[in-house]
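# A look at the structure
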Amino acid sequence: MMPELDTCLVPALSIAAAPDRQRAVRPSSDHERKQGISTMPIIRVDMFAGRSIDQKRELARRLTETYLDVIGGPAGGVTILFNEVARDQWAVAGELVSDRQPPKKKE
């Protein structure tokens, strides 16, 4: 028996960060140096398509805030990439999500 769709599928997160703090906050170009921007970390969020722009804004704000609370560094150094995936492009346990039971509507 397969678990409920909405409880087994969660967005996938990956974080790429430089191995040491100096490299993590070092700007990589003159423009970035002037702006106080660095190129690490990059947080990638893979999720189903259909989230609103406001939901993505809030998620970006919270991910940045949480990263800085735990690791530190300048906010300008945190990059977040959203990758929205169609349900027919995502499989779990060998089965396309589009072929599974649709997600339950929240009441």
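Here we summarise the structure given alongside this text. (Residues numbered from 1 in each chain as written. Predicted model: local features only at pLDDT ≥ 70, side-chain atom pairs only at ≥ 80, totals over all residues. Heavy atoms only, no water.)

Within the largest apolar cluster, 7 residues are counted, these being Ile43, Val45, Met47, Leu63, Tyr67, Val78 and Ile80. Among the elements of the structure, β2 (42-48) and α4 (53-70) are those that each provide at least two residues to this core. Per-element accounting of this core gives the leading share, 3 residues, to β2. (Core = buried A, V, L, I, M, F, W, Y, C linked by side-chain atoms within 4.5 Å. Buried < 20%, exposed > 50% of the residue type's maximum accessible area, 1.4 Å probe, protein only. Helix = DSSP H or I, 4+ residues; strand = E, 2+ residues; numbered from the N terminus.)

A few words on unusual backbone geometry. For Ala93, which is not a glycine, the phi torsion comes out positive at approximately 55 degrees. Relative to the helices and strands, Ala93 is located in the loop between β4 (91-92) and β5 (95-96). Look at Ala93 and you get exposed, because its relative accessible area is 74%.

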